[in-house]
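# Commentary on secondary and tertiary structure
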Amino acid sequence: MAPTRGPRAKKGLLERLDSGEVVVGDGSFLLTLEKRGYVKAGLWTPEAVVEHPDAVRQLHMEFLRAGSDVMQTFTFSASEDNMGSQWEAVNTAACDLAREVADKGDALVAGGISQTSLYAHHKDEVRIKKLFLLQLEIFARKNVDFLIAEYFEHAVEAVWAVEVLKESGKPVAATMCIGPEGDMHGVTPGECAVKLVKAGASVVGVNCRFGPWTSLKTMSLMKEALQAAGLKAHLMVQSLGFHMPDCGKGGFLDLPEYPFALEPRVATRWDIQKYAREAYNLGVRYIGGCCGFEPYHIRAIAEELAPERGFLPPASEKHGSWGSGLSTHTKPWIRARARREYWENLRPASGRPLCPSLSKPDA
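Rules of the game
- Counting from 1, residues in each chain are numbered in the order their sequence is written.
- In keeping with the model being predicted, local features are shown solely for residues with a pLDDT of at least 70 and side-chain atom pairs are shown and tallied solely at 80 or more, while totals for entire chains, interfaces and linings include all residues.
- By convention in this description, side-chain values take in all heavy atoms of the structure and omit both hydrogens and water.
- Note on classification: 1.4 Å probe, protein chains only; a residue is buried when its accessible area is under 20% of the maximum for its type, exposed when over 50%, partly exposed between these limits.
- Helix and strand definitions here come from DSSP, where helices need a minimum of 4 consecutive H or I residues and strands a minimum of 2 consecutive E residues; each element is numbered from the N-terminal end.
- A pair of strands is considered paired only if DSSP assigns at least 2 bridges between the two.
- Note on handedness: a crossover is taken as right-handed if, strands pointing away from the viewer, the path from the first strand over the helix to the second is clockwise.
- What a helix is expected to span follows from its residue count: subtract one and scale by 1.5 Å.
- By definition, residues are in contact when any of their heavy atoms lie within 4.5 Å.
- Note that the domain bounds were set by an automatic or database domain assignment.
- In this description, buried area is defined as the sum, over both parts, of the accessible area (probe of 1.4 Å) that is lost when the two are combined.
- Salt bridge criterion: a side-chain nitrogen from Lys or Arg within 4 Å of a carboxyl oxygen from Asp or Glu.
- Any N or O atom pair separated by 3.5 Å or less is treated as a polar contact, with the protein-specific requirement of one donor-capable and one acceptor-capable atom, and with residues adjacent in sequence counted only for side-chain atom pairs.
- Each residue gets one of three labels, nonpolar for Ala, Val, Leu, Ile, Met, Phe, Trp, Tyr, Cys and Pro, charged for Asp, Glu, Lys and Arg, and polar for the others, Gly among them.
- Joining through side-chain atoms within 4.5 Å is the link that ties buried Ala, Val, Leu, Ile, Met, Phe, Trp, Tyr and Cys residues into a set, and such a set is a nonpolar core.
- UniProt positions are given in the numbering used here, feature names are shortened, and annotations may be inferred rather than shown by experiment.
- Every axis in this analysis is a line fitted to C-alpha atoms, fitted for helices over the stretch in contact. Angles between the N-to-C directions lie between 0 and 180 degrees.
- Convention used here: angles under 35 degrees read as roughly parallel, angles over 145 as roughly antiparallel, angles from 65 to 115 as roughly perpendicular, and any remaining angle as oblique.
- Should the near helix be turned anticlockwise from the far one by less than a right angle, the crossing is left-handed, and should it be turned clockwise, the crossing is right-handed.
- Think of a 1 Å grid over just the protein atoms. A cavity is a set of points where a 1.4 Å probe fits yet cannot get out, a pocket is an open set with protein on both sides within 12 Å along at least five of seven lines, and lining residues have an atom within 4 Å of a point.

### Re the pairing of strand β6 (residues 203-207)
Within β6, five of the five residues are buried, which leaves it mostly tucked inside the rest of the structure. Residues Val203, Gly205 and Asn207 point to one face of β6 and Val204 and Val206 to the other, with burial holding for every one of them. By the bridge criterion, four bridges tie strand β5 (residues 172-176) to β6 in an arrangement that is parallel. Residue pairing in the sheet places Met176 in a bridge with Val206 of β6. Note that β6 and strand β7 (residues 234-239) share five bridges and pair parallel. Residue Val206 lies in a different strand from β7, and its bridge partner there is Val237. In this view, the connection linking β6 to its parallel neighbour β7 by way of helix α10 (residues 212-229) has right-handed handedness.

### Digging into unusual backbone geometry
Omega for the peptide link from Tyr258 to Pro259 comes to -5°, which places this bond in the cis form. The residue Pro259 is located in the loop between β7 and α11 (269-282) in this model. The backbone of Ser77 shows a phi angle near 60°, a positive value even though the residue is not glycine. As for its placement among the helices and strands, Ser77 is situated in the loop between β2 (70-72) and α5 (80-83).

### Some words on α11
Compared with an ideal rise of 1.5 Å per residue, which puts 14 residues at 20 Å, α11 spans 20 Å between its outermost C-alpha atoms and is within 8% of the ideal. Packed against the buried residues of α11 are α10, β7, β8 (286-289), α12 (295-304), α13 (306-309) and α15 (340-345). Looking one or two residues beyond α11, the residue adopting positive phi is Gly283, at roughly 105°.

### Quick word on the domain arrangement of the protein chain
When the domains of the protein chain are assigned, the result is domain 1 (13-312) and domain 2 (313-348). Taken residue by residue, the interface counts 13 residues in domain 1 and nine residues in domain 2. Roughly 1,100 Å² of surface becomes buried between domain 1 and domain 2 when both sides are summed, with 61% attributable to carbon and sulfur atoms. Scanning the region where domain 1 abuts domain 2 turns up zero salt bridges. Scanning the region where domain 1 abuts domain 2 turns up four residue pairs in polar contact (both at pLDDT 80 or more). Of all the elements in the fold, those that place two or more residues in the side of domain 1 that touches domain 2 are α4 (53-66), α11 and α12. Per element, the largest residue contribution to the side of domain 1 that touches domain 2 is four residues, and it comes from α12. Looking at the side of domain 1 that touches domain 2, its residues break down into five nonpolar, three polar and five charged.

### A word on the nonpolar core
Of all hydrophobic cores here, the largest spans 101 residues; its most connected members are Phe74, Met176, Leu196, Val237, Phe252 and Ile301. Per-element accounting of this core gives the leading share, nine residues, to helix α6 (residues 87-102). Excluding residues within four positions of it along the chain, Phe74 makes contact with Phe29, Leu30, Leu33, Val39, Pro46, Ala48, Val49, Val56 and Ala94. Membership of the second largest hydrophobic core comes to twelve residues, among which are Leu17, Val70, Leu108 and Tyr286.

### Points about the UniProt feature "domain: Hcy-binding" (unreviewed entry) in the protein chain
UniProt feature "domain: Hcy-binding" (unreviewed entry): in the numbering of this structure it lies at residues 11-305. The span residues 11-305 carries 44% helix and 13% strand; its end-to-end C-alpha distance comes to 19 Å.

### Digging into the packing of α11 against α12
Packing of α11 against α12 brings their axes to within 8 Å, and their N-to-C directions diverge by 45°. Here α12 runs oblique to α11, going by the angle between their axes. For the pair α11 and α12, the crossing hand works out as right-handed. Note on element contacts: α12 touches α11 through Tyr296, His297, Arg299, Ala300, Ile301, Glu303 and Glu304, opposite Arg269, Ile272, Gln273, Tyr275, Ala276 and Arg277. Class assignment for the residues of the contact of α11 with α12 results in six nonpolar, two polar and five charged.

### So, the packing of α6 against helix α7 (residues 125-141)
Following both chains from N to C, one finds α6 and α7 inclined at 35°, their axes separated by 10 Å at the closest point. Like other packed secondary-structure pairs, α6 and α7 cross with a definite hand, here right-handed. Touching Trp87, Glu88, Asn91, Thr92 and Cys95 of α6 are Leu134, Gln135, Ile138, Phe139 and Arg141, all from α7.

### As for the UniProt feature "binding site: Zn(2+)" (unreviewed entry) in the protein chain
With numbering aligned to this structure, UniProt lists the feature "binding site: Zn(2+)" (unreviewed entry) at Cys208, Cys290 and Cys291. For the residues just named, distributed over 84 residues, the greatest C-alpha separation is only 6.3 Å, placing them together at one site. Among the annotated residues just listed, those that line the second largest pocket are Cys208, Cys290 and Cys291. Tracing the sequence through the fold places Cys208 in the loop between β6 and α10. Judged by its relative accessible area of 4%, Cys208 is buried. The contact partners of Cys208, leaving out residues within four places of it in the chain, are Tyr151, Gln238, Ser239, Leu240, Phe252, Cys290 and Cys291. With respect to the helices, strands and loops of the structure, Cys290 is situated in the loop between β8 and α12.

Here you go:
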């Protein structure tokens, strides 16, 4: 299959999903840009869109080449409570960068909001909705294609976000940063999904905090609950790009390696191909990643689902399927690795003989 985006007209999110298309999301911005020296760990705020726009533009471009159908605005934690007087400039610049890159391909722009720093302490619905509305006003002015409410650990606040975003008339996707145990108040994943759909979300799912397999387990619970409630919605998953089987309810934040020693846990491209296939088989059609999900991980999704999508991404021009490029290597034992069975069955070593395979969460 030749790498190409295909000469299709630009369709909206729901047009694509309603027709059964796979929508490939994008991946990690915060952790990736922190490693590259453009984001400061701690508050994890996205000033880089103003201070270092070329760095953000480059990462968007890498995801576009890798196969992303969505350029999500780099507006995580960019509400006024976190950004102060910078919030408007940051949200505006993030929209401009996402649109600039999206228009170089067939990608859509998603305006993204996330949980506030206020909810855990104040639970002031009016004040929190006002914060969401301020961001929404910029997204509407910049005419983003759809909206995402992501990274919510409390179902109530996520519902408030959806209620605000749906007033725009644009499609709304909503994802919780929860695992199979549910939100921080004990609301189950299924209950969360039902609440979000009833609030007006057309796409629901999970993002961040948990690895691929835990995220898919949570998605299965959401799907079952929606079916039981007789509700219809598209499903979306954007997991971590790390293996996290030892997480507690709070996800990877509670592990001692977070955030500066997660590299031994990075998923391989072959892990992500398996994740993409299992997500697809579960009925998920919006598949992407979050923290730790690099462009080559997004390419793995696009390559695994190329038969369903009908094309490969541009970045596949430099990547032989299942290691096929190794067939020309001068060493025979490396040429022997140019096959799917080898990479599917490999159990990679960590190279750290004194390190445990799992950790104990601090909380």
